[in-house]
Structure formats: C-alpha cells, structure tokens
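In case you want the letters, here they are:
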Amino acid sequence: MTSEPYQTPDDPTAVSRKKDHIELAFRSRVESGQLDPRFYYEPLLAAHPTAGSLKAFSFLGKTLRSPIWVSSMTGGTALAGKINHYLARACSEFGMGMGLGSCRQLLYSDEYLPDFDVRSTMGSDLPLFANLGVAQIETLFEQKETERIPTLLHKLRADGLIVHVNPLQEAMQPEGDVFRRSPLEVVQELLQTFDFKMIVKEVGQGFGPESLRALLQLPLAAIEFAAAGGTNFAKLELLRSDAAKLAIFEKIAAVGHNATEMLDWTNALKTELGERCLTPNLILSGGVMDFLDGYYLTQKSVMPAVYGQASGFLKHAQGDYEELRAFVQSQVRGLELAGAFLKVK
Ligand SMILES: Cc1cc2nc3c(=O)[nH]c(=O)nc-3n(C[C@H](O)[C@H](O)[C@H](O)COP(=O)(O)O)c2cc1C
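Note that the structure is a prediction, hence the values are computed from the model and not measured.

Colleague: Would you mind going over the site of the ligand with me for this structure?
Modeller: Surveying the vicinity of the ligand reveals 20 residues, the closest of which are Ser72, Thr74, Ser102, Thr231 and Ser311. Between an oxygen atom of the ligand and a side-chain N or O atom of Lys201, the distance comes to 2.9 Å. Side-chain polar atom of Thr231 to an oxygen atom of the ligand: 2.7 Å apart, as the coordinates give it. When the ligand is considered free in solution it has 600 Å² of accessible area, and contact with the protein chains removes 90% of it. Taken together, the residues of the shell around the ligand sort by class into six nonpolar, 13 polar and one charged.

Colleague: How should the nonpolar core be read in this particular structure?
Modeller: Counting 90 residues, the largest nonpolar core has Leu156, Leu161, Phe225, Phe313 and Leu324 as its most contacted members. Those residues in contact with Leu324 that sit more than four places away from it in its chain are Tyr86, Leu87, Ala90, Phe313, His316 and Ala317.

Colleague: I keep staring at the pattern of salt bridges and nothing clicks. Help me out?
Modeller: Any two side chains of opposite charge can pair if their charged atoms end up close together. Under the criterion given, the structure shown has 20 salt bridges. When the shortest N-O distance is used, the salt bridge between Arg240 and Glu237 registers 2.6 Å. Here Arg240 pairs with Glu237, and both are found in helix 11 (residues 233-240), just three residues apart, close to one helical turn. The class for Arg240 is partly exposed, based on a relative accessible area of 47%. Under the relative-accessibility criterion, Glu237 is labelled buried at 5%. Salt bridges linked by common partners bring Asp36, Arg38 and Asp293 together as one network.

Colleague: What should I look at first to understand unusual backbone geometry in this one?
Modeller: Trans is the prevailing form of peptide bonds, just as negative phi is the prevailing case for residues other than glycine. For Leu60, which is not glycine, the phi torsion reads 55° and is therefore positive. Among the secondary structure elements, Leu60 is positioned in the loop between strand 2 (57-59) and strand 3 (62-64). The buried category is assigned to Leu60, whose relative accessible area is 6%.

Colleague: What exactly am I supposed to notice about the state of the cysteines here?
Modeller: The term disulfide refers to a covalent linkage connecting the sulfur atoms of a pair of cysteines. Within this structure, the stated rule accounts for zero disulfides. Among the cysteines around Cys103, which has no disulfide bond, Cys91 carries the closest sulfur, lying 14 Å off.

Colleague: Could you clarify how one ought to interpret the packing of aromatic side chains in this entry?
Modeller: Remark: the centre distance and the inter-plane angle together describe each pair of aromatic rings, the angle taken between the planes. Applying the stated rule across the entire model yields seven aromatic pairs. Consider the rings of Phe39 and Tyr296, whose centres lie 5.9 Å apart with planes at 85°: the pair is edge-to-face. Of this pair, Phe39 sits in strand 1 (residues 39-41) while Tyr296 is found in helix 14 (residues 291-300), placing the two residues 257 residues apart along the sequence. Put simply, the rings of Phe39, Tyr295 and Tyr296 pair up and form one aromatic cluster. A cation over a ring is seen here: Arg38 above Tyr296, with NZ or CZ 5.1 Å from the ring centre.

Colleague: What's the story with a nonpolar patch on the surface in this structure? I'm lost.
Modeller: A contiguous nonpolar surface patch, about 350 Å² in accessible area, is contributed by Ile248, Phe249, Ile252 and Val255. For Phe249, a relative accessible area of 33% translates into the label partly exposed.

Colleague: For this particular structure, what's the right way to read the environment of Gln188?
Modeller: For Gln188, the location among the structural elements is in helix 9 (residues 183-193). For the pair Gln188 and Leu239, spaced 51 residues apart in the sequence, the C-alpha separation amounts to 33 Å.

Colleague: Help me understand the environment of Ser301 in this model?
Modeller: Residue position: Ser301 is located in the loop between helix 14 and strand 11 (305-309). For Ser301, a relative accessible area of 11% translates into the label buried. Spatially, the C-alpha atom of Ser301 lies 9.0 Å from that of Leu284, the residues being 17 residues apart in sequence. Not counting chain neighbours up to four residues away, the residues in contact with Ser301 comprise Leu263, Asn267, Leu282 and Leu284. Here Met303 takes part through its backbone oxygen, which lies 2.6 Å from a polar atom of the side chain of Ser301.

Colleague: What is the right way to read the pairing of strand 8 (residues 197-201) from this model?
Modeller: Along a regular strand, successive side chains alternate from one face of the sheet to the other. Taken across its five residues, strand 8 has four buried, putting it largely inside the fold. One ladder, built from three bridges, connects strand 8 with strand 9 (residues 222-224); its direction is parallel. Residue pairing for strand 9: Ile199 is matched across the bridge by Ala222. Where the polypeptide runs from strand 8 across helix 10 (residues 209-216) and back to strand 9, its parallel neighbour, the crossover connection is right-handed.

Colleague: I'm lost on the packing of helix 10 against helix 13 (residues 259-273) in this one. Help?
Modeller: Each pair of packed helices gets described by two things: the angle between the helix axes and the distance between those axes. Between helix 10 and helix 13, the least distance of the axes is 10 Å, while the angle of their chain directions is 45°. With respect to helix 13, the axis of helix 10 lies oblique. The two elements helix 10 and helix 13 cross, and the hand of that crossing is right-handed. Along its contact with helix 10, which presents Pro209, Leu212, Arg213 and Leu216, the element helix 13 presents Met262, Trp265, Thr266, Leu269, Glu272 and Leu273. Partitioning the contact of helix 10 with helix 13 into residue classes produces seven nonpolar, one polar and two charged.

Cut-offs and rules
- Residues numbered from 1 in each chain as written.
- Predicted model: local features only at pLDDT ≥ 70, side-chain atom pairs only at ≥ 80, totals over all residues.
- Heavy atoms only, no water.
- Near = heavy atom within 4 Å.
- Polar contact = N/O pair within 3.5 Å; in protein donor to acceptor, adjacent residues only side chain to side chain.
- Areas by Shrake-Rupley, 256 points an atom, 1.4 Å probe, with all protein chains shown as cover.
- Nonpolar A, V, L, I, M, F, W, Y, C, P; charged D, E, K, R; others polar.
- Core = buried A, V, L, I, M, F, W, Y, C linked by side-chain atoms within 4.5 Å.
- Buried < 20%, exposed > 50% of the residue type's maximum accessible area, 1.4 Å probe, protein only.
- Contact = heavy atoms within 4.5 Å.
- Salt bridge = Lys/Arg side-chain N within 4 Å of Asp/Glu carboxyl O.
- Helix = DSSP H or I, 4+ residues; strand = E, 2+ residues; numbered from the N terminus.
- Disulfide = S-S within 2.5 Å.
- Phe/Tyr/Trp six-rings, centres within 6.5 Å; stacked < 30°, edge-to-face > 60°.
- Lys NZ or Arg CZ within 6 Å of the ring centre and 35° of its normal.
- Patch = residues over 30% accessible without salt bridge, like charges linked within 9 Å, V, L, I, M, F, W, Y side chains within 5 Å.
- Pairing = 2+ DSSP bridges.
- Right-handed = clockwise from strand over helix to strand, strands pointing away.
- Axes fitted to C-alpha atoms, helices over the stretch in contact; angles between N-to-C directions.
- Parallel < 35°, antiparallel > 145°, perpendicular 65-115°, else oblique.
- Left-handed = near helix turned anticlockwise from the far one by under 90°.

Here it is in structure tokens:
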C-alpha cells in the first residue's frame with residue numbers, strides 16, 4: 001500500500017494542511033506597508049505561553065487576572081440588565097474589572113437596581129465601580145443631597161465611584177444638563193467630602209494635556225481616558241437631534257484625543273510632576289479595538305494601567321454568554337501571545 005509522502009501517524013492532517021498552504025500562499029501576503037509598526041517581533045526568546053499564563057496583579061486594591069476593564073455602559077432596560085450580568089460573569093471568569101454605566105436612576109429609586117446589582121455575579125475579589133455624571137454630582141451638592149452617593153455605593157457593594165465628565169455630549173444632547181461650575185471644582189469638592197475611591201473619565205473624546213495635568217494632581221484612584229477613536233457621544237447626540245443642529249455642530253463633535261496621544265502626555269506629565277502626581281493608576285480606553293491595541297498601550301504606560309473597552313464588549317454581549325466568553329478568551333489568548341513575542345518599540 002502506498003501512503004501520501006507527508007502523512008505520518010503523529011500528524012494526520014499533514015496532507016490537507018500542505019494543500020491549504022499552497023492554495024492560500026498568495027492570498028496571505030502582507031505587504032510591508034501593512035505591517036504593524038508599533039512592535040518588535042521577537043520569535044526567538046520565549047516558548048509558546050500556556051493558556052492561563054497571564055500574571056495576576058493588584059489594581060485598585062483588588063486582584064486582576066487579566067489587564068482588562070469593562071468600561072461603563074448605561075443600564076436601565078431589560079436588555080441592559082442581561083448585558084450587565086453577562087459582563088460581570090465574564091469579569092469573574094477572566095479576572096477583569098468593571099465600571100457600571102450611569103447609576104443616576106438608582107439615586108432616587110431601586111426600580112432598576114436588579115439591572116445594576118452585579119456584585120454577587122462578579123464576586124467580591126474584583127474591582128466594581130458605580131458611575132455618575134459630574135452634572136448630577138453638582139446638582140446633589142446644590143440640593144445638599146450628596147449622602148445619596150455613599151448610599152448608592154453601599155447598595156451596589158461598589159468599590160468606589162466613576163465620575164464621567166462630558167460637556168460636549170451634554171451640550172449636543174437635546175435634554176442635556178448644563179454645568180454651572182467647572183468639573184474640576186466639583187470633583188475637588190467630592191474628594192474633600194468623601195474618602196471612597198474615585199475615578200474620573202470622559203465618554204469618548206478624551207482629555208487634553210491641561211485637563212490631564214489637573215487630574216493627575218488629584219488624589220484619584222485612577223483616570224480613565226475614554227479617549228476618542230471609538231464611540232463618540234457628542235456625535236451620537238447630534239444624530240438624535242435635528243439635521244440643522246447636526247450640520248452646525250458636527251465639526252466640534254470631531255475634536256478630541258486618541259489614547260496614544262493622551263498616553264504620551266500622561267507619561268511625560270508623570271515625570272514632570274514627580275511627587276505632585278497623586279493619581280497612581282490609569283484605565284486606557286476609548287477607541288481600543290482589541291488586545292493588540294490594549295497590549296501596546298499598557299506596555300507603553302509608565303504608570304500601572306489596564307486597558308478598557310465599551311463598544312467592543314457590547315458587540316459580543318448581546319447574544320448568549322458563550323459568545324461573550326469566546327470573545328474574552330480570544331483576547332486573553334492574544335495578550336498571552338503578544339506578551340511572549342512582541343516588544344513595544
Ligand atoms: C452603549 C454605551 C453606553 C455608555 N454609557 C456610559 C455611561 O453611562 N457612563 C459613562 O461614563 N460612559 C458611558 N459610555 C462611554 C464608554 O464608557 C466609553 O468611554 C466610550 O464608549 C469609549 O469607549 P469605546 O471606544 O471602547 O466604546 C457608554 C458607551 C456605550 C457604547
């Protein structure tokens with residue numbers, strides 16, 4: 001009996017694989033202009049990483065097993081409740097942290113609490129943060145009702161509060177809030193009033209260097225970039241508004257900073273500010289497309305950092321849990337491979 005030349009008992013797919021290689025060789029060309037310029041590829045120095053080999057590390061007082069953050073997304077509908085619980089389950093399985101979407105509704109009523117109440121799904125070992133807009137906090141100060149905030153955190157068993165700062169979104173939103181004080185003043189007052197952990201984020205346009213300089217000098221637990229390049233809420237609100245407003249303001253919705261630009265500023269500011277830099281951690285998010293962007297940013301950060309995604313998770317959290325699980329597992333595998341073979345230039 002004659003056998004195929006390449007087929008051996010320990011490699012039964014050899015024949016079909018060689019055939020695939022010949023057929024796909026021409027389709028698989030990557031032109032040199034398409035190469036990712038951010039990394040050195042070092043194939044010589046490591047074995048294949050075993051699955052599950054990412055190192056656990058402490059972040060925001062808890063222990064993460066993956067350097068990934070689920071960025072805040074609004075709750076308050078039946079679908080959002082399901083999504084929040086799926087995301088929390090993925091956090092528990094893969095050791096990620098999570099920011100809830102705006103919890104404004106929960107300040108005054110528990111009607112939607114089950115949609116946000118994910119602590120038991122997530123477990124107590126991972127960071128979970130509640131979320132409020134800076135406009136809401138300004139109003140609570142005016143009405144002398146800020147005690148509602150620790151009550152909210154207690155209800156959610158949250159580790160702290162994320163404050164989102166979104167002046168352009170509010171200005172473009174037909175029913176948007178008006179800031180009567182600067183967000184910086186409101187955040188400073190919040191820090192003076194309470195000692196729970198606080199994170200400040202934008203919602204998809206990031207922060208310029210002067211805002212970053214001011215934030216880094218506050219005793220925050222972290223800054224979340226929420227940079228430009230992904231979901232843009234100023235534009236989103238314009239699309240909800242009328243055509244005339246869209247035509248006038250579309251260009252201002254296109255301002256902002258991407259995460260790489262913001263990280264360059266933050267790295268430089270960390271050195272420049274020295275001991276005046278009081279914020280110790282970063283969540284690098286906004287326009288992060290996948291693990292490779294996340295790996296690049298976290299490796300490049302001088303400060304301890306994880307990377308965050310909102311819409312990236314949302315895309316995979318609307319079907320069944322297995323779809324979300326497969327997505328996160330693939331991202332973790334990508335991080336393992338990147339860690340073994342890629343060095344940031
Ligand atoms: C559906 C959706 C709802 C969001 N709701 C909130 C929110 O309630 N609070 C908040 O701080 N950010 C919210 N964001 C902004 C995200 O946290 C994130 O900063 C922004 O989408 C940029 O990240 P991305 O490019 O990965 O989507 C929301 C984003 C999405 C896509």
